[in-house]
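Take a look at the letters that make up each chain.
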Amino acid sequence: MIFLGCDGGSTKTEWLLVDHTGQVLAHRIFPGCNFAFWGEDGFRDLMVRSVQTLLADSGITSQQITSAMLSLTVYGEVPGTEEFFPQVMQSILPDCPLQFSNDSGAGWCGSLAGRPGINIVAGTGSVAYGQDSAGNASRVGGWSLFFADEGSCSWVARQLITEFVKQSDGRRPRSAIYEEVRSALGITKDLYVSGYLQTEVRNNSALLAQLQPVALRAARRGDTSALDIYRRAAAELAETAVAIRCKLDFPVEVPVRVSYSGGLFHAGEIILQPFRKEMEQNGFTIEPPLYSPVIGATALAAERFISPAALDDLLANAAQAL
């Protein structure tokens, strides 16, 4: 048996092809596949190129794939995606049994190995997804890079720019944030930040999240305003977990397990320290992610075909190979 997993987000589209033991047959990473950015033609072209490359790497045909799970951003969010995505992928992978979910499901399955609990994704955007022991599921967040997705890299960048403009105006004292933003954008005039946002970022919203490391550099210099941005991000993320716990049926006597994934957590203790504090104060148990989202998507593809013990072996072997 051969299983295909795809974790398709705004920043990258990662594919994994394994056999039933977890031996990796092919693994590839391509640009993000956000349908809202690419449109129908761009999305289709990316998927065609990705799958053709993956199959060429492995030397197998689509007919040999037992099951595939494609966990894709904006699936179920943008009208028509629940019909268009299967149509496109079935034309690329004929005779291959396909399943689809939002990419939040892959993050949860990978981080907790499919066990009950909640996963918080804070990458380009942010979303929380959880399942209880009865299989009931709930999702919170993931509404918009520009107006919501609190606690994400994009949200951190928005707070960074807000702080920068206030410091530029003299509404707040200038700090490392002011210096780091000017340096990162290579500007000689503060108002050029406005031009960058209205041209570059407006045309490519992924660039907004790429400003998060600028806030991180300021935070590592001890900038109190930057550190406060990460503290507030942690509080926003904790709020999503609380909302999911209220919607699902978790045992009240046992703290709910919460894991995490996404680029914001690459900031290390700058975000993890306030994140742990917020989660523990709200009665959660924090667990580092066991596996990546693409391994989670592969697990979702395989779970109906092999035993739980065999699935655990598949995940462990695939993770070790990657």
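I will try to describe carefully the structure that is included in this document.

Conventions and cut-offs
Residues numbered from 1 in each chain as written. Predicted model: local features only at pLDDT ≥ 70, side-chain atom pairs only at ≥ 80, totals over all residues. Heavy atoms only, no water. Helix = DSSP H or I, 4+ residues; strand = E, 2+ residues; numbered from the N terminus. Rg over C-alpha atoms; globule rule 2.2 N^0.38 Å. Buried < 20%, exposed > 50% of the residue type's maximum accessible area, 1.4 Å probe, protein only. Contact = heavy atoms within 4.5 Å. Areas by Shrake-Rupley, 256 points an atom, 1.4 Å probe, with all protein chains shown as cover. Lys, Arg positive; Asp, Glu negative; His and termini not counted. Charge placed at Lys NZ, Arg CZ, Asp CG, Glu CD. Pairing = 2+ DSSP bridges. Axes fitted to C-alpha atoms, helices over the stretch in contact; angles between N-to-C directions. Expected span 1.5 Å × (residues − 1). Arc of directions from axis to C-beta.

**A look at the overall build of the chain**
Here comes step 1: Helix and strand counts for the chain stand at twelve helices and ten strands.
Here comes step 2: In terms of overall dimensions, the chain is globule-like: its C-alpha atoms have a radius of gyration of 20 Å, near the 20 Å expected for 322 residues.
Here comes step 3: Taking all 322 residues of the chain together, the buried fraction comes to 53%.
Here comes step 4: A fraction of 66% describes how many contacts in the chain between residues 6 or more apart in sequence connect residues 24 or more apart.
Here comes step 5: Surface summary for the chain: the accessible area is close to 14,300 Å², and the carbon and sulfur share equals 51%.
Here comes step 6: Across the chain, the centroid of the 25 positively charged side chains sits 9 Å from that of the 34 negatively charged ones.

**Notes on unusual backbone geometry**
Here comes step 1: Non-glycine residue Val 74 carries a positive phi angle of around 65°.
Here comes step 2: With respect to the element layout, Val 74 can be found in the loop between β4 (67-72) and α2 (81-92).
Here comes step 3: With relative accessibility at 7%, the residue Val 74 sits in the buried group.

**Quick look at the sheet that holds strand β10 (residues 284-286)**
Here comes step 1: Spatially, the five strands line up as an open sheet ordered β8-β7-β6-β9-β10, and their pairing is mixed. Of all strands in the sheet, those with a lone pairing partner are β8 (137-141) and β10, marking the two edges. Each adjacent strand pair in this sheet contributes to an overall mean axis angle of 25°, direction not counted.
Here comes step 2: Note: strand β6 (residues 117-122) against strand β9 (residues 256-261), four bridges, orientation parallel. Residue Asn 119 lies in a different strand from β9, and its bridge partner there is Ser 259.
Here comes step 3: Of the strands in this sheet, β6, β7 (126-131), β8 and β9 touch helix α3 (residues 103-112), which is tilted by about 120° from β6.
Here comes step 4: Relative to β10, helix α10 (residues 269-281) is tilted by about 150°, and along the sheet it contacts β6, β9 and β10.

**Quick notes on the pairing of strand β1 (residues 2-8)**
Here comes step 1: By the criterion of burial, β1 is predominantly enclosed, with seven of the seven residues buried.
Here comes step 2: Pairing of β1 with strand β2 (residues 12-19) involves seven bridges; the strand directions are antiparallel. The partner of Ile 2 across the bridge, within β2, is Asp 19.
Here comes step 3: Between β1 and β2, which pair antiparallel one after the other, the connecting turn spans three residues.
Here comes step 4: Sheet analysis places β1 next to β4, joined by six bridges and oriented parallel. Among the inter-strand pairings, Gly 5 is bridged to a residue of β4, identified as Met 69.

**What to know about the side chain of Ser 71**
Here comes step 1: Here Ser 71 lies in strand β4.
Here comes step 2: On the basis of relative accessible area, Ser 71 is assigned to the buried category, the value being 0%.
Here comes step 3: Beyond its immediate stretch of four places on either side in the chain, Ser 71 contacts Cys 6, Asp 7, Gly 8, Ser 101, Asn 102, Asp 103, Ala 106, Ala 297 and Leu 300.

**Some remarks on α2**
Here comes step 1: In this model α2 runs 16 Å from its N-terminal to its C-terminal C-alpha over twelve residues, within 8% of the 16 Å that 1.5 Å per residue would give.
Here comes step 2: Listed as buried for α2 are Thr 81, Phe 84, Phe 85, Val 88, Met 89 and Ile 92. Taken around the axis of α2, the buried residues stretch over an arc of 115°, which confines them to a single face. For α2, the exposed residues lying more than 90 degrees away from the buried face are Glu 83, Gln 87 and Ser 91.
Here comes step 3: On its buried face, α2 is in contact with β2, α1 (35-58), β4 and β5 (98-102).

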